Amino acid sequence: MEISLRNQVAVVTGASSGIGSGIAKSLASAGATIIVNHSSERSTDEAKAVLKEITDAGGTGITYQCDVSKEDQVVKMFQDVVSQFGTVDILINNAGVQKDSKFTEMTLDQWNTVIGINLTGQFLCAREAIKEFLRRGIDTSRSVACGKIIHISSVHEIIPWAGHANYASSKGAIRMLMQTLAQEYGADKIRVNSICPGAIQTPINKDAWSTPEALDSLLKLIPYNRIGQPQDIGNLAAFIASDLADYITGTSIFVDGGMTTFESFSTGG
Ligand code: NAD
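Thresholds applied
Residues numbered from 1 in each chain as written. Predicted model: local features only at pLDDT ≥ 70, side-chain atom pairs only at ≥ 80, totals over all residues. Heavy atoms only, no water. Near = heavy atom within 4 Å. Polar contact = N/O pair within 3.5 Å; in protein donor to acceptor, adjacent residues only side chain to side chain. Areas by Shrake-Rupley, 256 points an atom, 1.4 Å probe, with all protein chains shown as cover. Helix = DSSP H or I, 4+ residues; strand = E, 2+ residues; numbered from the N terminus. Nonpolar A, V, L, I, M, F, W, Y, C, P; charged D, E, K, R; others polar. Buried < 20%, exposed > 50% of the residue type's maximum accessible area, 1.4 Å probe, protein only. Arc of directions from axis to C-beta. Salt bridge = Lys/Arg side-chain N within 4 Å of Asp/Glu carboxyl O.

(A) The site of the ligand, seen in detail. Taken together, 28 residues sit near the ligand, with Ser17, Ile19, Asn94, Tyr167 and Thr202 positioned nearest. Between the ligand and Ser16, the relevant distance is 3.1 Å, taken from an oxygen atom to a side-chain nitrogen or oxygen of the residue. Within the side chain of Asp67, an N or O atom sits 2.8 Å from a nitrogen atom of the ligand. Taken by itself the ligand offers 810 Å² of open surface, and the protein chains cover 91% of this. At the level of secondary structure, the elements contributing two or more residues to the shell around the ligand comprise helix H1 (18-29) and helix H5 (165-185). In the shell around the ligand, the residues fall into 13 nonpolar, 13 polar and two charged.

(B) Spotlight on helix H6 (residues 212-219). The set of residues buried in H6 consists of Ala214, Leu218 and Leu219. Looking down the long axis of H6, one finds its buried residues gathered within 130° of arc, a one-sided arrangement. Every exposed residue of H6 that faces more than 90 degrees away from the buried side is listed here: Pro212 and Glu213.

(C) Layout of the pattern of salt bridges. Tallying each qualifying case throughout the model produces 15 salt bridges. Across the salt bridge formed by Glu132 and Arg135, the nearest N and O atoms sit 2.7 Å from each other. A residue pair is termed a helical-turn pair when its members lie 3 or 4 positions apart in one helix, as Glu132 and Arg135 do in helix H4 (residues 108-136) at three residues. Residue classification places Glu132 among the buried positions, given a relative accessible area of 7%. Overall, Arg135 belongs to the exposed group, its relative accessible area being 53%. Across the pair Asp216 and Lys220 runs a salt bridge whose closest N-O atoms are separated by 3.2 Å. Accessibility expressed as a relative area gives 44% for Asp216, which makes it partly exposed. Look at Lys220 and you get exposed, because its relative accessible area is 54%. What emerges from the salt-bridge pattern is a single network uniting Glu71, Arg127, Glu128 and Lys131.

None of this, on its own, says anything about what the molecule does.
Structure follows, in structure tokens:
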């Protein structure tokens, strides 16, 4: 059994670091051409480094700067990718940020920034991707599906998170966005799913793993007793994007070392 994404083009948002870079490399190793999206000038070198790893390993792709919370930039990114590569087959809606605050002190700017990138960004990219999937139609030389979208959500799609109301709200909403799109476009053979990571070792949660004390306290939440790696998410993303997963749509898959079994109840609660 082989996971193949040959002849397919994948847009991976926020691919210049962390989980996005892991997914980009996994999809590339399965044969997809990767659009390594990054948000700003500052992340250009990181995006180029991810692309270099991909091309050094025999893969193909480009870097593309675009702030996913900006409609004009997202529309242009999809137009440019289609004009350069012919179409888009896979969207990995990964870009995300945290702006943490006690709720009563949370500013509207902190709220809007997180919702704007984590939720509106996923809406804008999904909308442009689906328009392109429908324009192209099914091409079985690429995939039996018309297109695939994978939202990167979080265990906080279902676990409330004090001090992170904006982030948890964005992830809870992604579940409804994902399921609604899967329902609305199922008959068009567009598959839409979410991956919900637990604690993955990336810059977004550095405070939770960068000291032995922090890591020890984090591991108390994880029955499998290790922190996750971007590759853990990349492995699943490549599978879900492939035709091996053709009957999987409208679902959230948790990759969390058992975090959502609520470890604190292991001794009786
Ligand atoms: P990260 O900080 O390494 O990566 C986030 C990426 O998003 C970066 O490449 C950043 O440049 C990009 N980004 C931010 N704003 C953007 C914008 N406006 N436009 C385009 N790109 C933008 O963190 P990560 O852990 O790799 O996070 C990736 C996704 O995984 C996020 O959606 C996050 O919520 C989710 N997630 C992470 C964890 C974890 O434990 N690391 C757990 C659950 C969910």
